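Per-entry structural report
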Amino acid sequence: MSIKVNVQNLNFYYGDFQALKGINMEIHENKITALIGPSGCGKSTFIKTLNRMYELIDGTKATGSISFDGTELLDKATDVVDLRKRIGMVFQKPNPFPKSITENVLYGVKRHGDVPKTEWKELLETSLRKASLWSEVEHKLNQSAFSLSGGQQQRLCIARTLATKPEVLLMDEPTSALDPIATAKIEELLEELKKEYTVIIVTHSMQQAARISDYCGFFLSGELIEFGLTKQLFSNPLDQRTEDYITGRFG
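Okay, so let's go over this structure. The residue numbering used here restarts from 1 in each chain and proceeds along that chain's sequence as written. Restriction of local features to residues with pLDDT of at least 70 applies here, the model being predicted, together with a cutoff of 80 or more for giving and counting side-chain atom pairs; totals for whole chains, interfaces and linings are based on all residues. The basis for every side-chain value is the complete set of non-hydrogen atoms in the structure, without hydrogens or water.

**Re the side chain of T230**
Note the cut-off: Secondary structure elements follow DSSP: runs of H or I of four or more residues count as helices, runs of E of two or more count as strands, with numbering from the N terminus. Three exposure classes are used, based on accessible area relative to the maximum for each residue type with a 1.4 Å probe and protein chains only: buried under 20%, partly exposed in between, and exposed over 50%. The definition of a polar contact used here is a pair of N or O atoms within 3.5 Å, where within protein one atom must be able to donate a hydrogen and the other to accept one, and adjacent residues in sequence count solely through side-chain atom pairs. Whether two residues touch is decided by their heavy atoms; if any such pair falls within 4.5 Å, the residues are in contact.
You can see T230 is positioned in helix α10 (residues 230–235). What makes T230 buried here is its relative accessible area of 4%. Here Y215 takes part through its backbone nitrogen, which lies 3.2 Å from a polar atom of the side chain of T230. Setting aside chain neighbours within four positions, we find T230 in contact with A209, A210, S213, D214, Y215 and C216.

**Describing the sheet that holds strand β1 (residues 3–14)**
The criterion, for reference: Here, a strand pair is defined by DSSP locating no fewer than two bridges between the strands.
Pairing in this open sheet of 4 strands is antiparallel, and the strands run β2-β1-β4-β5 from one edge to the other. The outermost strands of the open sheet, each flanked by one partner alone, are β2 (17–28) and β5 (71–72). One ladder, built from 2 bridges, connects strand β4 (residues 60–68) with β5; its direction is antiparallel. Looking across to β5, one finds that F68 is bridged to T71.

**What about the pattern of salt bridges?**
Side chains that differ in sign of charge can pair as their charged atoms come close. Rules: A pairing counts as a salt bridge when a side-chain nitrogen of Lys or Arg comes within 4 Å of a carboxyl oxygen of Asp or Glu.
As enumerated under the stated definition, the model contains 17 salt bridges in all. Close ionic contact of K4 with E167 constitutes a salt bridge, the shortest N to O distance being 2.8 Å. Note that K4 is positioned in strand β1 and E167 in the loop between α7 (150–163) and β7 (168–172), a separation of 163 residues in sequence. With relative accessibility at 6%, the residue K4 sits in the buried group. Note on E167: relative accessible area 23%, which makes it partly exposed. For R129, the salt bridge identified is with E125, shortest N-O distance 2.9 Å. Note that R129 and E125 are positioned in helix α5 (residues 120–130) at a spacing of 4 residues, about one turn of the helix. Judged by relative accessible area, which is 28%, E125 ranks as partly exposed. Connected via shared salt-bridge partners are K4, E29, D69, R86 and E167.

**Structural notes on the nonpolar core**
For soluble globular proteins, the rule of thumb is that nonpolar side chains tend to be buried together. Rules: To qualify as a nonpolar core, a set must consist of buried Ala, Val, Leu, Ile, Met, Phe, Trp, Tyr and Cys residues joined through side-chain atoms within 4.5 Å.
Counting 46 residues, the largest nonpolar core has I36, L128, L156, I158, L190 and L193 as the members making the most contacts within it. Sequence-distant contacts of L128, that is, excluding residues within four places in its chain, are made with V105, L133, W134, V137, L141, L156 and A159. With 30 residues, the next largest nonpolar core counts L35, I66, I87 and V168 among its residues.

**Regarding the environment of I36**
You can see I36 is positioned in strand β3 (residues 32–36). Assessed through its relative accessible area of 0%, I36 is described here as buried. Taking the C-alpha atoms as reference points, I36 and A209, separated by 173 residues in sequence, lie 7.5 Å from one another. Ignoring sequence-local partners within four residues, the contact set of I36 consists of K43, T203, M206, A209, C216, G217, F218, F219, L233, F234, Y245 and I246.

**As for the sheet that holds strand β8 (residues 198–202)**
Quick reminder of the rule: The axes are straight lines fitted to the C-alpha atoms, using for helices just the contacting stretch, and the angles between their N-to-C directions are given from 0 to 180°.
With mixed pairing, the 6 strands of this open sheet are ordered in space as β6-β7-β8-β3-β9-β10. Each edge of the sheet is formed by a strand with only one pairing partner; in this case those strands are β6 (87–90) and β10 (223–229). Here the average twist between neighbouring strands, direction ignored, is 15°. As judged from the 4 bridges shared by β6 and β7, these two strands associate in the parallel manner. The residue bridging V90 from the neighbouring strand is M171, located in β7. Helix-sheet contacts for α7 involve β6 and β7, and the interaxial angle to β6 is about 170°.

**Thoughts on a nonpolar patch on the surface**
Counted only if it meets this: By definition, no residue in a patch forms a salt bridge, and every one has over 30% relative accessible area; like charges are joined within 9 Å, nonpolar side chains (Val, Leu, Ile, Met, Phe, Trp, Tyr) within 5 Å. Throughout, the Shrake-Rupley method with a 1.4 Å probe supplies accessible areas, and for residues the shown protein chains are the sole cover considered.
Together, Y14, F17, L56 and I57 line one region of the surface with nonpolar side chains, adding up to about 410 Å² of accessible area. Considering the arrangement of structural elements, one finds F17 in strand β2.

**Remarks on the environment of L170**
Topologically, L170 is positioned in strand β7. Note: C-alpha distance between L170 and T102 (68 residues apart in sequence) is 23 Å. Those residues in contact with L170 that sit more than four places away from it in its chain are I47, L50, N51, I87, G88, M89, V90 and I200.

This is the structure we're talking about:
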């Protein structure tokens, strides 16, 4: 089984505060990896290190190694723009731009300028189909993205990310702002997407992690307490703190 991202002894700092401590994790290609743990434990910070999104915040620093298909991501020579195309991110709240559905999907493509205009129409449809949204919006592509429901907006943001042809999808609690029906649609979608992409999802819902992920990591106070196959972690955790968290004794 292929390792897509290999994290070794990752430490992360906001100024003097150490938010991640010695994280080691192997992320498998074409699998869904879920990250669970209480608020403030480092889950979202961890995924921001994977495409160096943290560099948008002053005073942050990462040490250690993150290898992505053999490329060292923390190397200053690594092209961050290219990296963020290859490792795309979907945020907690749907964040469509105040533009049409079409303009939202093609935003990154037009910005990077690496896809010929003759291919835009096909890319638009392909990305919306992959996000399970095409049949709902094909007749109103010029309407504002804000005319869509919350769940549709989140799938539009997924389509926008897919249009730049990433290899890895980072998802920071992508269903936390959605109702159960919209959540179920996104979960179904992720099952399809993992055939083509490697998915890493931060979730506060242990039920969601158990339902959709192949691998699961439990974070606590900036440390990765346990990581392994989801079935193993939920049925027979190796660390008492993991068991206490998933059985609701704390967190």
